[in-house]
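Below are the chains, spelled out letter by letter.
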Amino acid sequence: MADVIKLPSDGDPGSAKKRARPNTVDPGEEEQKRQRNVKQLAVLGAKNSSVKLLEELVFGAEEELLERLTEEVEDQTATLLVEDDEESGQSEDESEAHVQHQPARRAAWVDEDDELEEEVDMKHRYRRDLMKGDAEATMSKQKLQQRMREQFQKSMGGAPSWADSSLTKKKRKTADDDDEDEEEDDLLRRTGTFVASADSLSSGILRIKKCLHANNARPSEDRLTTVQFHPSAQVIMTAGLDQSVSLFQVDGKTNAKIQSIHLEKFPVHKAQFSRDGETVIATSLKNKMFYLYDMMEGRITPVHSVRGLNEARVKEFSVCPDGGNLLLTGTNGYLHLLTLKTKEVVRSMKMNGNASGVAFSPDGNKVFANSEEGEVYLWDLRNSRCLNRFPDDGCVRATSIATSPNGQYLACGSQAGVVNIYSQEACLNSANPRPLKAVMNLLTSATSLTFNPTSEILAIASRAEDEAIRLVHLPSLTVFSNFPLYKRKIIYRVSCLDFSPHSGFFSLANNKGHAPLFRLLHYKNF
């Protein structure tokens, strides 16, 4: 190993000392080297000048070169900006593929038990409604989550926006932008009113909240037949076959009982407030007698007979808008106008077939009545003259009728469950009006129809089947998709419907003796 250089050992003190080099430089030789270096520098300087001249010819002067370089940098920057815009305008499929190629984040800790498929008992009372058959007595957690997700989306009318993924929201936003552009083009092609009132009720999903039963302080022991809100006070009345009439203070939380009266051997078929709200009129199933209850004095007055009334019983009636009269529904198509002051019949009207329902016009001068034969009659109460008569479209046997408070709509229910919604103006002037909408959401006879005070909602129901109730959005003539609640029995069979004076609450009477109460959140007042 001749090429190995041996380092001095640490133990040799003499090797650490620096040795002085002998001065062997010749001054003459140094001077000659210096002269030769000067000549070489002169030659290099001439060569550098020629190179510099060549550079100026090719690239230009230094200032021109800098300007050219600056322009190139600006061009490159503009090109990069264009490329960025093109990349931002990539299709959603490419963006989704890019997201999918991103590396998945690893969990910080993995539990081996999570990989085991745990079976859930579906016969529990909280999960029983999610079963689709006896074969699903047990279900895995993943399948149960999927089933609950499907049920939630069905009850909400689709997946809410907060549950959408970011990509889905981005796609929807792009689609909405395109729709907005199309709407702007449509706006430029037509004239008219473009701004809608912010106070109008929206269609689709109704903002509604379930409250404590209106008669929770005193549930009925038998089927309820009547529920009605007081025309001016925050009070609701219930009555039923348990021979009682009860009043409750409505607040949605406690609904305290105000008073309850018992009518001996008198199962109440129908009870209503008078127009001033001071009297309650109650009729029974098989009695000619009816009761008047004066709430201000606390006095119950039985009316055993009515002069001029040739009927075996007084069962169906309606309070006239003028407040002083009742319109009794008799047999064989008779309608009797009774005055409460003297308790006598002042005039009667006759139609073909038995009357199935009556409804007043907003001014109280006219009354609509439909017969079981499917015809609708329009009467003038001031002279008992028939103003119009027309067939209810497609109706074989009529069951109910109602008018909207604003005088715009007329609703007619049939035994087939179809509810025809007409324009009142067309019903006044046409011998064969066509319905604006035929609501076919009920499968059994439509026995109850009620408009809300703002004429934005029509409540329809049938007492022949559980949960057979729907709320119709009248401006769009569509049914609200979230009422009644999906697979939750809280309404049962409905015999009566009513809205509070300002539509803040909605209640109904059912066959279980309860009056379910709902808060309509769109309306601020009672």
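Provided above is the structure to which this section pertains.
Okay, so let's go over this structure. All residue numbers refer to positions counted from 1 along the written sequence of the respective chain. Only residues with pLDDT of at least 70 get local features here, since the model is predicted, and only at 80 or more are side-chain atom pairs given and counted; chain-wide, interface and lining totals rely on the full set of residues. Side-chain metrics in this entry use all non-hydrogen atoms of the structure; hydrogen atoms and water are not considered.

## Observations concerning the pattern of salt bridges
Here's step 1: The term salt bridge refers to a side-chain nitrogen of Lys or Arg lying within 4 Å of a carboxyl oxygen of Asp or Glu. Scanning the model with the defined rule gives twelve salt bridges in all.
Here's step 2: The partner of arginine 147 in a salt bridge is glutamate 136, with the nearest N and O atoms 3.0 Å apart. Residue arginine 147 is found in helix H4 (residues 141-156), and its partner glutamate 136 is found in the loop between strand S1 (119-121) and strand S2 (138-140); the two are separated by eleven residues along the sequence. With respect to burial, arginine 147 and glutamate 136 carry one shared label: buried.
Here's step 3: The shortest N-O distance in the salt bridge between arginine 493 and aspartate 466 comes to 3.4 Å. Strands here are runs of E lasting at least two residues and helices are runs of H or I lasting at least four, both read from the DSSP assignment and numbered beginning at the N terminus. Note on exposure labels: buried denotes an accessible area under 20% of the residue type's maximum, exposed denotes more than 50%, and partly exposed covers the range between, all computed with a 1.4 Å probe on protein chains only.

## So, the packing of aromatic side chains
Here's step 1: Pairing of aromatic side chains requires ring centres within 6.5 Å, counting the rings of Phe and Tyr and the six-membered ring of Trp. Pairs whose planes differ by under 30 degrees are stacked, by over 60 edge-to-face, and all others tilted. Within this structure, the stated rule accounts for nine aromatic pairs.
Here's step 2: Plain terms: the ring middles of phenylalanine 229 and phenylalanine 526 are 5.8 Å apart, the flat faces sit at 70 degrees to each other, and that makes the pair edge-to-face. Here phenylalanine 229, found in strand S4 (residues 224-229), pairs with phenylalanine 526, found in the segment after strand S30 (517-520); they are 297 residues apart in sequence, far enough to count as distant. In terms of burial, phenylalanine 229 and phenylalanine 526 fall into one category: buried.
Here's step 3: Between the aromatic rings of phenylalanine 505 and phenylalanine 526, the centroid separation amounts to 5.8 Å while the plane-to-plane angle is 50 degrees, which identifies the pairing as tilted. With phenylalanine 505 in strand S29 (residues 505-510) and phenylalanine 526 in the segment after S30, this residue pair connects regions lying 21 residues apart in the sequence.
Here's step 4: A relative accessible area of 8% places phenylalanine 505 in the buried class.
Here's step 5: Residue classification places phenylalanine 526 among the buried positions, given a relative accessible area of 14%.
Here's step 6: Put simply, the rings of Phe483, Phe499, Phe506 and Phe518 pair up and form one aromatic cluster.

## Details of the sheet that holds strand S23 (residues 437-439)
Here's step 1: Here we have four strands laid out as an open sheet, ordered S20-S21-S22-S23, and antiparallel in their pairing. The open sheet is flanked by strand S20 (398-403) and S23, the only strands paired with a single partner. Strand-to-strand twist in this sheet, taken as the mean axis angle between neighbours without regard to direction, amounts to 20 degrees.
Here's step 2: Two strands are counted as paired when DSSP detects at least two bridges linking them. Here S20 runs beside strand S21 (residues 409-414); their pairing, made up of five bridges, is antiparallel. Looking at S21, one finds that alanine 398 is bridged to serine 414. Helix axes are fitted only over the stretch in contact, all axes being lines through C-alpha atoms; the angle between N-to-C directions runs from 0 to 180 degrees.

## Observations regarding the sheet that holds strand S8 (residues 268-273)
Here's step 1: Strand order in the open sheet formed by four strands is S8-S9-S10-S11, and the pairing between neighbours is antiparallel. At either end of the open sheet lies a strand with only one pairing partner, and these are S8 and strand S11 (299-303). The mean inter-strand angle of the sheet, taken between neighbouring strand axes irrespective of direction, is 20 degrees.
Here's step 2: Where S8 and strand S9 (residues 279-284) come together, five bridges link them in antiparallel fashion. Paired with alanine 271 across the strands is alanine 282, a residue of S9.

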